[in-house]
Amino acid sequence: MKIEYQTTLKGYITVLRASLCLLKNKTLTFAQFGAYIALLTQVDFDRRHKTYGLLLRDDNEIAKALGCDPTTIYCHRKVLIKKGLFVDKDGLTHVPNFFVFELSWTKTLAKIPAEFLKELFVYPQNGIEKLQEVIEKLQEAQPQNTAQSSNLSYKSNVGFSDDNDGIDDEGFERYLAEREKKESEDSI
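Described in the following lines is the structure provided in the data block. (Residues numbered from 1 in each chain as written. Predicted model: local features only at pLDDT ≥ 70, side-chain atom pairs only at ≥ 80, totals over all residues. Heavy atoms only, no water.)

Ordered by their spatial adjacency, three strands build an open sheet running 1-3-2, and the pairing between neighbours is antiparallel. Lying at the two open borders of the sheet, with one neighbouring strand each, are strand 1 (54-55) and strand 2 (87-89). Pairing of strand 1 with strand 3 (residues 92-94) involves two bridges; the strand directions are antiparallel. Residue pairing in the sheet places Leu 55 in a bridge with Thr 93 of strand 3. (Pairing = 2+ DSSP bridges. Helix = DSSP H or I, 4+ residues; strand = E, 2+ residues; numbered from the N terminus.)

Below, the structure written as structure tokens:
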């Protein structure tokens, strides 16, 4: 028995401005980008659900709610799958980098320069692996000083923890705080 999910128009998602690289790099047209955002609003955002990160609504339901033809939704979804922004798994549409649309991640990732973040959007199928590369690039881009004002090294552990299913938030926050402190010291 197939469960039908109603299209929801309540709630919110957060979108990093770095996602605009999908337009700048010509990965998506403006219409496709709009479809991408519209379809993202219909993904299951609750980490407690087994369906987290899945586009649960079918094309007919979304089309009815948005006042368009189901073939429009179908065509856009297929283009987004072909471009790797969505992944079709066993007939379900999965968003591989869905974590970047969560408020907690958006707040953290918004502090990172856009040139480092574009790969999270252009190559979302690599998800966490791309995020690890972003962190490594940030670390390499930082000037290294032998004398530092704290015990925290710029090469600190900002790796992944098994219990968090993602980055060690505390280590990443420490890294960003130290980076901001260093930048303010350099500007004086």
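With that settled, consider the nonpolar core. Counting 35 residues, the largest nonpolar core has Tyr 36, Leu 109, Leu 120 and Phe 121 as its most contacted members. Elements supplying a minimum of two residues to this core: helix 1 (21-24), helix 2 (30-40), helix 3 (59-66), helix 4 (70-82), helix 5 (103-109), helix 6 (114-122) and helix 7 (127-141). The dominant element in this core, judged by the number of residues it contributes, is helix 6, at five residues. (Core = buried A, V, L, I, M, F, W, Y, C linked by side-chain atoms within 4.5 Å. Buried < 20%, exposed > 50% of the residue type's maximum accessible area, 1.4 Å probe, protein only.)

Take the packing of aromatic side chains next. A complete count under the given rule lists six aromatic pairs for this structure. Taking the centre distance of 5.5 Å and the plane angle of 75° together, the rings of Tyr 52 and Phe 98 count as edge-to-face. Here Phe 98 lies in the loop between strand 3 and helix 5 and Tyr 52 lies in the loop between helix 2 and strand 1, a separation of 46 residues in the sequence. Residues Phe 99 and Trp 105 carry aromatic rings whose centres are separated by 5.5 Å and whose planes lie at 75° to one another, so their mutual orientation is edge-to-face. Both residues of the pair, Phe 99 and Trp 105, count as buried. In this structure an aromatic cluster arises from ring pairing among Tyr 36, Phe 45, Tyr 52, Phe 86, Phe 98 and Phe 101. (Phe/Tyr/Trp six-rings, centres within 6.5 Å; stacked < 30°, edge-to-face > 60°.)

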